[in-house]
Amino acid sequence: MAANTPPSATEGAIAMRNPSSPSGERNEAHFRIEELFFSRTDDRGVIRSGNSVFQRVSHYSWDDLIGAPHKLIRHPDMPKAVFYLLWETIKSGRPIGAYVKNRAKTGQYYWVFAIVTPIDGGFLSVRLKPSSTLFPAVEGEYRKLRQAELADDLAADISGPALLARLGDLGWRNYAAFQARAAVAETCARDKALHGSVGDAGCAMGRILEMSAANLDEAKSVLRLCEKLKYTAINLSIHSSKDAAHRQLFNVISSNFARVCDMLKAQVVDFIASAEDVSDRIHEGLFLLIVARIQTEIVSLFRDEHVEDGTELDQTREAELLTAQSHDYSDRARDSLHDMQARVRAFQWRCDEMKEHVGALGVTGDVGLIETARLDRSGSVSFQLLEETARVQEAMDVALKGIVERNTALERAIDVASTYDRPRPVRAAPPGPIKLKKAG
């Protein structure tokens, strides 16, 4: 599930073709890229409502759907692990985004990227058509995982952690990192298909993810460099002790060097924790921003749907539930963006603090080099070790400067991305009529 940028596509080219499937079905139940659909369930997962696109794509009548468990549309190709993670997340009160393969009453399949959130009395799932370059990789991973589940008769609570472990193998820090990247990829691919461009806010979200990942990598490289310094300091102390003529001088140099290294090492732990904290907040904030955007759009689409005379759907009440949910997540997204900015600034302070310690390390190393050269010992092991510390210090300084520059760019990008919860106009085809029994 490698992270990829959204592909260039038109509506006609976006329909995804299913590779060979263990269940053997061949036909896809199509829906258009501009369409979104939702279903609302109670807290047991029993369907209580939905929109016309949901009913049309599933090929079930509303009599079939209302009061039925949502697993009615579950496809046998879907790994149990995905639903395990989904239920564990939403039962804890948190939203989740996941790729899901569903099966219509006709036996046809349809893929969605589902954004599932807790709502008053149950759960709300809003789905869009997956069209990013990340999606085919997900299909392949799901297929392998499902085959393993069937071959080894894996229970969901075993398969779920296996999925998380696989994400780790593929370079994802956790599921939240994956779902943020997937949500950005899918919404940006959809925007490009509908509008011809991703838009400034969408581009900003992509840059935020890239810069956050680069900062975390650079922070970890500083940790590795710090470990390298630790062993260099030990070797410097050992070789300095062997120089009887200048032992006192080199003991002072090595002692100062060890002291600065210890200070630096103590700071690195907090530095890495701060980098990871920023990464986690960015993943959470961007995902909430997309949740707010998609939920705002589904409200607009649902209000425009035509309800046939004689149906028992309370469309006004349903729209009010959706609107309240969208406002709630817009508020959450806004708060999360403010928190992201604050965490980036806190990380910037950590970077400045680290730069001071690295600068002190450089001064200590320079003094050692000058004194060693003055004593005409530029070819000694101690001199070579001091030269190595200078190279490491320079690499640390370069890494920290890169982080500082990206942090400044991150703050600007977050400001631009903050507008993403405002949907761009979509010229959608006229929606079909709703035929629905009264929502519970």
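Residues numbered from 1 in each chain as written. Predicted model: local features only at pLDDT ≥ 70, side-chain atom pairs only at ≥ 80, totals over all residues. Heavy atoms only, no water.

Draft legend 1. Expanded view of the overall build of the protein. Across its full length, the protein holds 11 helices and five strands. Counting across all 440 residues of the protein, residues that qualify as buried make up 52%. Summed over its atoms, the accessible surface of the protein is roughly 19,500 Å², and 50% of this surface lies on carbon and sulfur atoms. (Helix = DSSP H or I, 4+ residues; strand = E, 2+ residues; numbered from the N terminus. Buried < 20%, exposed > 50% of the residue type's maximum accessible area, 1.4 Å probe, protein only. Areas by Shrake-Rupley, 256 points an atom, 1.4 Å probe, with all protein chains shown as cover.)

Draft legend 2. Region of the structure containing a nonpolar patch on the surface. A surface patch of nonpolar side chains, about 290 Å² in accessible area, is lined by Tyr231, Ile234 and Ile238. Position of Ile234 among the secondary structure elements: in helix H8 (residues 200-241). (Patch = residues over 30% accessible without salt bridge, like charges linked within 9 Å, V, L, I, M, F, W, Y side chains within 5 Å. Salt bridge = Lys/Arg side-chain N within 4 Å of Asp/Glu carboxyl O.)

Draft legend 3. Highlighting the packing of helix H4 (residues 80-91) against helix H6 (residues 156-169). Where H4 meets H6, the axes come as close as 8 Å, and the angle between the chain directions of the two elements is 90°. Judged by the angle between their axes, H4 and H6 are roughly perpendicular. Each of Lys80, Ala81, Val82, Tyr84 and Leu85 in H4 lies in contact with H6, whose residues at this interface are Ala156, Asp157, Ser159, Gly160, Pro161, Leu163 and Leu164. Residues that form the contact of H4 with H6 fall into these classes: eight nonpolar, two polar and two charged. (Axes fitted to C-alpha atoms, helices over the stretch in contact; angles between N-to-C directions. Parallel < 35°, antiparallel > 145°, perpendicular 65-115°, else oblique. Contact = heavy atoms within 4.5 Å. Nonpolar A, V, L, I, M, F, W, Y, C, P; charged D, E, K, R; others polar.)

Draft legend 4. Just the pattern of salt bridges, in detail. Counted by the stated rule, this structure contains 27 salt bridges. Where Arg281 meets Asp277, a salt bridge forms, and the shortest distance between an N and an O atom there is 3.6 Å. Within this pair, Arg281 and its partner Asp277 are both found in helix H9 (residues 247-303), separated by four residues, close to a single helical turn. Here Asp277 falls in the partly exposed class, since its relative accessible area comes to 21%.

Draft legend 5. Structural context of the confidence of the model for the protein. Model confidence for the protein is summarised by a mean pLDDT of 84, while 78% of its residues fall at 70 or above. Across the protein, the secondary-structure element scoring lowest on mean pLDDT is helix H1 (residues 11-14), at 31, and the one scoring highest is strand S3 (residues 96-103), at 98. Contacts for the low-pLDDT stretch residues 2-24, under 50 throughout, to residues beyond four places or in other chains number 53 contacts. A low-confidence stretch, residues 427-440 stays under pLDDT 50, and its non-local contacts, those more than four residues away or across chains, total 42 contacts. (pLDDT = per-residue confidence, 0-100.)

Draft legend 6. Molecular detail of helix H7 (residues 175-195). Between its terminal C-alpha atoms H7 stretches 30 Å, which fits the 30 Å expected from 21 residues at 1.5 Å a residue. When you tally the buried positions in H7, you get 17 out of 21 residues, the bulk of the element. The N-terminus of H7 is capped by Asn174, whose side-chain oxygen sits 3.3 Å from the backbone nitrogen of Ala176. Two residues or fewer past H7, Gly196 is found with a positive phi of approximately 85°. (Expected span 1.5 Å × (residues − 1). Polar contact = N/O pair within 3.5 Å; in protein donor to acceptor, adjacent residues only side chain to side chain.)

Draft legend 7. The nonpolar core, seen in detail. Counting residues in hydrophobic clusters, the biggest one holds 110 residues, and the most contacted among them are Tyr99, Tyr110, Phe178, Met205 and Phe271. Per-element tally for this core: the top contributor is H9, with 20 residues. (Core = buried A, V, L, I, M, F, W, Y, C linked by side-chain atoms within 4.5 Å.)

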